[in-house]
Amino acid sequence: METSELIAKYDLLLATRFFDDITCRTIIEELSKAAFTPATVYGRSESGAVDERMRRTSRLTPSHPTLDLVMRRLLEFKETIEQHFRIALTDCEEPQFLRYNVGDFFVAHQDGNTGMLKLTSDATRKISITIFLNAQSTEQLSGSYCGGSLKFSNYRAEKEYREFELPSEPGLLVAFRSELTHEITPITDGVRYSIVSWYR
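The structure contained in this document is the topic of the report that follows. For clarity, every value in this text was computed on a predicted model and none was experimentally measured.

## Quick word on the pattern of salt bridges
Item 1. Tallied over the entire structure, the rule returns 11 salt bridges.
Item 2. With its nearest N and O atoms 4.0 Å apart, the salt bridge here joins Arg 17 to Asp 21.
Item 3. Judged by relative accessible area, which is 36%, Asp 21 ranks as partly exposed.

Dropping the structure here:
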């Protein structure tokens, strides 16, 4: 199955070089020294809880200029998102800056807009986005990571469409409907840096 067919089947919107290589490297350099906390999952409380059986990754604290840069670019991109998905959006959540070390992962889940997620924080999410900051590789290379694929699944679809691991590259933004099931497969080597947010 061609990658382009799977991208269309899952209704993904891809924006290559949403951030250029220099910007990606600059953000990574900053994040490598940033304070961090374990990332949370939602389902038990509005504030979220750490549950490493479901999600093991670190949420990093960027500088205000970096946060403002990313937020501004996402809001500028909102109209493109609306046109692609034929949906009206209001704003987007504050981006999360994430680091996945070896062994880190996020099990298959949905971000919102399903009726099954009742929390205020999730119920209003319509479109999810991920921005990849560094390269994924099949071999050990400096600055890259192995494993850590963004994997989509729909087991009600035809067999050839049921799973799809999106090829990633630095600066690539991928947008998808928040009810789409997805996961981050375990990191096997290196460190994965990414940014996530949700349009409402």
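Read on, since the account is not over.
## So, unusual backbone geometry
Item 1. A positive phi angle, close to 55°, is found at Asp 11, a residue other than glycine.
Item 2. In this structure Asp 11 comes out as partly exposed when scored by relative accessible area, which is 25%.
Item 3. Backbone geometry at Arg 17 places phi at a positive 55°, although glycine is not the residue there.
Item 4. Structurally, Arg 17 can be placed in the loop between strand 1 (13-15) and helix 2 (21-31).

## What about the side chain of Asp 111?
Item 1. If you trace the backbone, Asp 111 turns up in the loop between strand 6 (105-109) and helix 5 (120-123).
Item 2. Nearest to the buried, unbridged Asp 111 among oppositely charged side chains is Arg 125, at 4.7 Å.
Item 3. Within the local environment of Asp 111, its side chain forms a polar contact with the side chain of His 109, the two groups lying 3.4 Å apart.
Item 4. Within the structure, the side chain of Asp 111 is placed 3.0 Å from the side chain of Trp 198, a separation counted as a polar contact.

## Some remarks on the sheet that holds strand 1
Hydrogen bonds along the backbone pair up the strands of a sheet, which may run parallel or antiparallel.
Item 1. Pairing is antiparallel across the open sheet formed by 7 strands, whose spatial order is 1-11-7-14-5-4-2. If you trace the sheet from one side to the other, it starts and ends with strand 1 and strand 2 (36-38), each paired once. Geometrically, the sheet is characterised by an average inter-axis angle of 25° between neighbouring strands, direction not taken into account.
Item 2. Strands strand 4 (58-60), strand 5 (96-100), strand 7 (127-132) and strand 14 (192-199) of the sheet are contacted by helix 2, whose axis makes an angle of about 75° with strand 5.

## Re helix 4 (residues 78-85)
Item 1. Taken together, the buried positions of helix 4 are Lys 78, Ile 81, Glu 82 and Phe 85. The buried residues of helix 4 occupy one face: seen down the axis, they fall within an arc of 100°. Residues of helix 4 that are exposed and angled more than 90 degrees away from the buried face: Glu 79 and Gln 83.

## What about the packing of aromatic side chains?
Item 1. Enumeration over the complete set of coordinates arrives at 5 aromatic pairs.
Item 2. Centre to centre, the rings of Phe 152 and Phe 176 are 5.0 Å apart; their planes meet at 75°, and the pair counts as edge-to-face. A residue pair is termed long-range when its members are at least 10 positions apart, and Phe 152 in strand 9 (residues 150-153) and Phe 176 in strand 11 (residues 173-177) qualify at 24 residues. The same class applies to Phe 152 as to Phe 176, namely buried.

## Some points on the state of the cysteines
Item 1. If you walk through the whole model with that rule in mind, you get 0 disulfides.
Item 2. Free cysteine Cys 92: the closest other cysteine sulfur is in Cys 24, separated by 17 Å.
Item 3. Distance from the sulfur of Cys 146, which forms no disulfide, to the nearest cysteine sulfur (Cys 24) is 18 Å.

## A look at the sheet that holds strand 10 (residues 163-166)
Item 1. Read from one edge of the open sheet, 5 strands run 3-6-12-9-10, paired in antiparallel fashion. Both edges of this open sheet fall to strand 3 (55-56) and strand 10, since each of them pairs with a single strand only.
Item 2. Of the strand pairs in this sheet, strand 3 and strand 6 are connected by 2 bridges, and their pairing is antiparallel. Within strand 6, the position partnered with Arg 56 by the bridge is Phe 105.

Rules of the game
Within every chain, residues take consecutive numbers counted from 1 along the sequence as written. Totals for whole chains, interfaces and linings use every residue, but because this is a predicted model, local features are given only for residues with pLDDT of at least 70 and side-chain atom pairs only at 80 or more, for both listing and counting. To get the side-chain values, take all heavy atoms of the structure and skip hydrogens and water. What counts as a salt bridge is simple: a side-chain nitrogen of Lys or Arg found within 4 Å of a carboxyl oxygen of Asp or Glu. Note on classification: 1.4 Å probe, protein chains only; a residue is buried when its accessible area is under 20% of the maximum for its type, exposed when over 50%, partly exposed between these limits. Only DSSP runs of H or I reaching four residues or more are called helices, and only runs of E reaching two or more are called strands; each is numbered from the N terminus. We score Asp and Glu as negative and Lys and Arg as positive, and we do not count His or the chain ends. By the criterion applied in these results, polar contacts are pairs of N or O atoms within 3.5 Å in which, for protein atoms, one can donate a hydrogen and the other can accept it, and in which residues neighboring in sequence qualify only through two side-chain atoms. We treat two strands as partners when DSSP finds at least two bridges between them. Where helices are involved, their axes are fitted lines through C-alpha atoms of the stretch in contact, as for all axes, and angles between N-to-C directions lie from 0 to 180°. By the convention used here, residues are in contact when the closest approach between their heavy atoms is within 4.5 Å. By construction, the arc corresponds to the directions joining the helix axis to the C-beta atoms. Working definition: a ring pair exists when centres of Phe, Tyr or Trp rings (six-membered ring for Trp) sit within 6.5 Å. Plane angles under 30 degrees give stacked, over 60 give edge-to-face, the rest tilted. Disulfides are defined as cysteine sulfur pairs within 2.5 Å.

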